[in-house]
Amino acid sequence: MSLLDCITNGNREGNLTDDQARLASDLYIGLEVEYQGSMNRGAAQARAARETFDSLKKLASEKKRKKLLQVQAFKQVDKNLREYRGFGDKENYAKAAEALIEQDVFSKFSSLVQRQQAIEQRATSKMYDVLATFKRNLVGSIRNKAKLKNMVREVFGEDTGDLSAKEFSSAWKAASEDLRLQFNRAGGSIPKRSDWGLPQSHDQIAVGKVRKNEWVMFTMSRLDPEKMIDHETGLKMTEDRLMFALQDVWETISSGGLNKVKPGAMASNRKALANSRTDHRFLVFKDADSWMEYQEKFGNSNPFDTMLGHISSMSKEIAQMDVFGPNPIATLDFIKTKIKQEVKPGDQKGINKARKSAAYIDTLYNGWSGRVNQPIDGFFGNTFAGIRSILTSAQLGSAAISALTDFNFQRLTRGFVGLPQASTVTDVLKILNPLKAEEKGKLAVRLGLIAEGWTTVAAAQMRFVGDVSGPEITRRISDFVMRASFLSPFTQAGRWAFGMEFLGYLADQAPKAFNQLDEPIRASLQRYGIGSDKWDVIRSTDLYEYDGATFLSHENIAARTDIDSNTARDLSLRVLEMINTETNFAVPSSSLRGKVALIGNSNPGTIAGELSRSFAMYKNFGTTLVNTHLIRGIAEKGVKRKGAYLADFMITGTVMGALALQMKEISKGRDPRPMTSSGFWGAAFMQSGGLGIYGDFLMSDHNRFGGGLAQTIAGPVVGLGEDVLKLTMGNVQQAIEGEDTNFAADMVKFAGRYTPGSSLWYSRLALERNILNQLQQYADPKAARKFRNIERKYVREYNQSYWWRPGDASPDRSPEFSNIFEETR
C-alpha cells in the first residue's frame, strides 16, 4: 500500500482531518517531484514518504498536546466559575464568566484584560531603555530615528559599531524570545530561529492596490528562501512552494483573511489560536534594508511601532490561551453552554436570562478582542474617528484640571489596599520633576509599570473618549493637545507613583509572615488569590534596589529556579495584575465594561456605530468609576463598611470636584461660583465623576457651549453636525427669508469652539479675549450687546461676575474669591 493510500484511509477512518489529509498528500507529491531530480524514482518516493510521515507524526504530537491543554483549560475555567461568589456571597456562573474577560471586585482569578496587560508589561519591562530612548515627543514623533535604524540593522545581524543600538537589539530579542516561549507554553508551537529579526506588518489597502504577481515578485526578491520554513511540515521551502505560498499570503492580506473562511463554518471549527502565530514568522527577509523597503511600501515604516504592535498582539494571544486554552472560541462556547445548562427545564424566565448572559459575554469578548472596533466601511469609520480626535483636541484642553480628582481616587485606593496616604501628592510631583523624569520613568517601566505615554499616540484621551483610532495626523493633533495640557504627563505620573509605592510597600512588608501583615494589605493579597504559601515565595525573592530604595520585582520572581517555572511565571504575572488593577482604581482610565455599556456591539463605519460612539464620548470616565469605586463600595461586607467607603468616595470626591469646578471657572475669566447652593454641590459631584457638563443643567437649560440636554446626551459629533448646519444652511435660510445673516460672526464662534488647542486651560482665556472676541466685534455689530447678555446670564443664574470681561483686551481686576461665600440669588 502506498503512502497516498494510507493517507486516504486515515482520512476515511477519521484519524486525519480533510485539511491534514490534503496537506500530507500535497507534501508527499511535492517532495517526490523535487527529489526525482536528484535520485531514482524509488529512492525519491522512499525519502518523500519518510519526511511526510515525520511531518504527520509531529503534527499528531502537537495536536495531542493542544488537546490536552484545552481539556485542562475547560476544567480550570469551570472550577474558577464554580468557586466564584458574588453579591451576598452567592454563586453566579454568568457573572463569573464575565469576570473571566474583565475582572470584577469578587473574582480571584485572572481575566483576559488583566493577563494581557501583565504580559505586555513584562515584555516592555525588558525594553525600558529602548522605550526611554525612542519614546514619543510633544508632537507624537519617535525620537532618535537614526539610532532606531541602527537598532534595526543590529537586529538583523549587522554590526553598526553603535554600542547602544546593539544593547537595544539585545533587549528586543530578549523580549520577543520571552513572548515566543510564553506562547509555546500556552499551546503554540513557534520554532526557535536565532536569526529572526523583526515581524512584518502589512497594510491591507497598500497590498490590495497592487496585482498579486507584482506583490509576489517584489516580496520574493527581498526574502531569503534558505531560511524559510514551512511551519506546518517543519521542512524548508522550495522555490515552487514559496511562490504558491506567497500568492496565498497576498490573498490573505488583501482580503483581510476572508479567503481562509469557509462559508457556513461553525465558530468552534475555526482555526485554533495556538496555530496562528507561525504565519507571522513565515516571511524571512535577507537583511535590514530588505525589511525596511517592504515596510516602507506595504507595511508600517516605523520599526518602533512595529515592535510594540508585535508585543501587544502577542500579549493578547498569549493571554487568551492562558485563560481559555489553545482554542478560546471553543472555551467560550463551552462557557455559554454551561450557563444555559444551569437553567431548570421549563423555566422560561431563566432561559431568557441565560440567553442574555451568553449574548453579553459575546459582546464583552468582542469588545476586548477588538472586533467591535473593526469598521464596516473603512473610509466612513476612519473619517469619524478622525473627527472624534479633533473634537477631543478642541474640547478637552482643560481636562487636566478635572484630573485633580485623581489625587482623591489615589488616596482612597491607597487606604483601601493598606498603603500610606500622606505622600500621595508628593509622590506624583516627584515623578513630574523634569530633573529626574526620564530616570524615574525607566525605573517604573523596568518594574513592570505600563508606559502608555511613551508608546501610544493619544493614550490620555482614552480616559474620557475610550478611543484612539483614526488617521495618524488627527491622533497626533489630539496627542499634542493632551501633552500640552499636561493631562498625559499628569496621568502617567499618577499611575507610576501609585505602582512604585505599591511595589515599594510590598518590599517593606517582606520580613513579615502572612498572618503578621496588617489586615488591609493581607485582604488585598487574598483578593488576587495570593495566600500564605504564595506570599512566602514572594517575600523570599530577592528585591530590586534603586537609589537606596527597594522594590518587589516581578522579574526576580519569574527568574526563580528553586520553584516550578510555570508557578514562578504565573505568580509574577499575578503580582503585575494586582498592581495594574489597583492602579486603575487609583487613576481611573477606561474600562471594558464601561465601553461596552456605551457602544454595545456596534461597529464603526455604520450610522448606528458612529452615533453610539458620539454618545459615548466624554462618558467613559464616569462609567469607569461606576465599575470600580462604586461597585467596590457596594461590595464591601457589612453596612458599616459599605457606608464608610461610599461616604468617603462621594464626600471627598465632591470636595475635589468643587476645587476643579472653581479652577475651571477662574480659567474662563469668571469669579468662583457661590458654594452655598445645592446646585453648586450637585455640579461638583458631577464634576468629580467626569460628567461636569451635565452639572450645567442643574441651574440652566443649556450647557457651557450653549447646547441643550438632548444635544449633550447625543454627544459632541452630533453637536458638531448641528453647528455645521446652523453655520451653513441656517445662514442660507436666513438669507432666503430676508433676515440679516451673520455668517462671519458665526464662523468666528465656530472656529473658537472647534479649533484644536483652543480650550487649553492656561491659554484659552487670552485667546478668547484678545483674538476671538476682537474678531467677533469686527464681524458683528451686536457683539458688545451679546457679551453683556452673557455677563447678565451668569449673574442671574450663578451669581457670578467676570474678572476678565468678554470683549475686553485686558482684565479689570483679579478674581473675587469672597464670592464663594455669597448667597445664591
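Thresholds applied
Residues numbered from 1 in each chain as written. Predicted model: local features only at pLDDT ≥ 70, side-chain atom pairs only at ≥ 80, totals over all residues. Heavy atoms only, no water. Helix = DSSP H or I, 4+ residues; strand = E, 2+ residues; numbered from the N terminus. Contact = heavy atoms within 4.5 Å. Areas by Shrake-Rupley, 256 points an atom, 1.4 Å probe, with all protein chains shown as cover. Core = buried A, V, L, I, M, F, W, Y, C linked by side-chain atoms within 4.5 Å. Buried < 20%, exposed > 50% of the residue type's maximum accessible area, 1.4 Å probe, protein only. Polar contact = N/O pair within 3.5 Å; in protein donor to acceptor, adjacent residues only side chain to side chain. Axes fitted to C-alpha atoms, helices over the stretch in contact; angles between N-to-C directions. Parallel < 35°, antiparallel > 145°, perpendicular 65-115°, else oblique. Nonpolar A, V, L, I, M, F, W, Y, C, P; charged D, E, K, R; others polar. Patch = residues over 30% accessible without salt bridge, like charges linked within 9 Å, V, L, I, M, F, W, Y side chains within 5 Å. Salt bridge = Lys/Arg side-chain N within 4 Å of Asp/Glu carboxyl O. Phe/Tyr/Trp six-rings, centres within 6.5 Å; stacked < 30°, edge-to-face > 60°. Lys NZ or Arg CZ within 6 Å of the ring centre and 35° of its normal. Expected span 1.5 Å × (residues − 1). pLDDT = per-residue confidence, 0-100.

A few words now on the overall build of the chain. Looking only at helices and strands, one finds 38 helices and 4 strands in the chain. Taking contacts inside the chain between residues at least 6 apart in sequence as the whole, the part at least 24 apart equals 71%. Here the chain has roughly 37600 Å² of accessible surface; of this, 56% comes from carbon and sulfur atoms.

Here we take up the nonpolar core. Core analysis: the biggest nonpolar cluster contains 127 residues, and M151 and W215 have the highest contact counts within it. With 11 residues, helix 23 (residues 487-508) is the single largest residue contributor to this core. Non-local contacts of W215, meaning those with residues more than four positions away in its chain, are made with V207, V210, L246, V249, W250, I253, Y294 and F298. Of all hydrophobic cores here, the second largest spans 29 residues; its members include I101, V113, I335 and V343.

Right, let's get into helix 12 (residues 288-298). Restricting attention to buried positions, one finds in helix 12 the residues A288, S290, W291, M292, Y294, Q295 and F298. Looking at the buried residues of helix 12, the elements they touch are helix 7 (145-155), helix 9 (204-208), helix 10 (212-220), helix 11 (239-254) and helix 13 (303-324). Backbone nitrogen of D289 and a side-chain oxygen of the N-cap are separated by 3.4 Å at the start of helix 12; the cap is D287.

Packing of helix 7 against helix 12 leaves a shortest axis separation of 8 Å and a crossing angle of 120°. Compared by their axis directions, helix 7 and helix 12 come out oblique. Facing K149, V152 and R153 of helix 7, the residues of helix 12 in contact are A288, D289, W291 and M292. Within the contact of helix 7 with helix 12, the residues separate by chemical class into 4 nonpolar, no polar and 3 charged.

On to a nonpolar patch on the surface, then. Side chains of L725, M729, V732 and I736 sit close together on the surface and give an oily, nonpolar patch of about 430 Å² of accessible area. When you line up the elements, I736 lands in helix 35 (residues 716-736).

What follows covers the side chain of R414. Following the sequence through the fold, R414 ends up in helix 18 (residues 406-417). Of the residues examined, R414 reaches a relative accessible area of 0% and is grouped as buried. A distance of 3.1 Å separates the side chain of R414 from the side chain of D427, its partner in a polar contact. The contact partners of R414, leaving out residues within four places of it in the chain, are L419, P420, Q421, S423, T424, D427, A497, F498 and E501.

All told, the structure shown has 27 aromatic pairs when counted by the stated rule. Centroid distance F486 to W761: 6.4 Å. Interplanar angle 55°. Geometry classified as tilted. Placement of the pair is F486 in the loop between helix 22 (472-484) and helix 23 and W761 in the loop between helix 36 (743-754) and helix 37 (764-779), with a sequence separation of 275 residues. Assessed through its relative accessible area of 47%, F486 is described here as partly exposed. An angle of 75° between the planes, with centres 5.8 Å apart, marks the rings of F498 and F502 as edge-to-face. Within this pair, F498 and its partner F502 are both found in helix 23, separated by 4 residues, close to a single helical turn. F502 matches F498 in its accessibility class, with the two residues each being buried. Taken together, the ring pairs in this structure connect W215, F218, F285, Y294 and F298 into an aromatic cluster. The aromatic ring of F615 is capped on one face by K619, whose charged end is 4.6 Å from the ring centroid.

Moving on: the pattern of salt bridges. Scanning the entire structure with this criterion turns up 46 salt bridges. For E439, the salt bridge goes to K442, with nearest N and O atoms at 4.0 Å. Taken as a pair, E439 and K442 lie in helix 20 (residues 437-446) at a separation of 3 residues, close to a single helical turn. E439 gets classed as partly exposed once you look at its relative accessible area, which sits at 39%. Taking the relative accessible area as the measure of exposure, K442 reaches 18% and is therefore buried. What emerges from the salt-bridge pattern is a single network uniting R115, R185, D322, R569, D570, R574 and E577.

Quick look at the environment of L592 now. In this fold, L592 is placed in helix 28 (residues 592-599). In this structure L592 comes out as buried when scored by relative accessible area, which is 9%. With 35 residues separating them along the chain, L592 and N627 place their C-alpha atoms 9.5 Å apart. In contact with L592, other than residues within four places in its own chain, are I101, E102, V113, L364, G367 and W368.

Moving on, we get to the side chain of S398. With respect to the element layout, S398 can be found in the loop between helix 16 (378-395) and helix 17 (399-402). On the basis of relative accessibility, which here comes to 8%, the residue S398 falls in the buried class. Ignoring sequence-local partners within four residues, the contact set of S398 consists of K664, S759, L760, W761 and R764.

This part covers the environment of F183. Within the secondary structure, F183 sits in helix 8 (residues 163-185). Judged by relative accessible area, F183 falls into the buried class, the value being 0%. Residues F183 and A319 lie 136 residues apart in sequence; the distance between their C-alpha atoms is 8.9 Å.

Another point: unusual backbone geometry. You will see that N144, though not glycine, has its phi angle at about 50°, which is positive. Locating N144 in the fold gives a position in the loop between helix 6 (128-134) and helix 7. Residues other than glycine seldom take positive phi values, yet N799 does so here, at roughly 60°. When you line up the elements, N799 lands in the segment after helix 38 (783-798).

For the rest of this paragraph, the subject is the environment of T550. Tracing the chain through its elements places T550 in strand 4 (residues 549-551). Spatially, the C-alpha atoms of T550 and L506 are 9.4 Å apart, while their sequence positions differ by 44 residues. If near-sequence neighbours (up to four positions away) are discounted, T550 is found in contact with G504, A507, D508, L543, Y544 and E545.

Moving on, we come to helix 18. Taking 1.5 Å per residue as the helical rise, helix 18 with its 12 residues ought to reach 16 Å, and the 16 Å between its terminal C-alpha atoms agrees with that figure. Counting buried positions along helix 18 yields 10 of 12 residues, so the element is predominantly enclosed. The set of residues buried in helix 18 consists of D406, F407, N408, F409, Q410, L412, T413, R414, F416 and V417. Once helix 18 finishes, G418 follows within two positions and takes phi at roughly 100°, a positive value.

Looking now at the confidence of the model for the chain. A residue-level look at the chain finds 90% of positions with pLDDT of 70 or above and a mean pLDDT of 86. Mean pLDDT values over the elements of the chain span from 50, in helix 33 (residues 692-695), up to 96, in helix 25 (residues 532-539). In the model, residues 261-270 has pLDDT below 50 throughout and makes 9 contacts with residues more than four positions away in sequence or in other chains. Every residue in residues 694-702 scores below 50 in pLDDT, and together they form 33 contacts with partners more than four places removed in sequence or on other chains.

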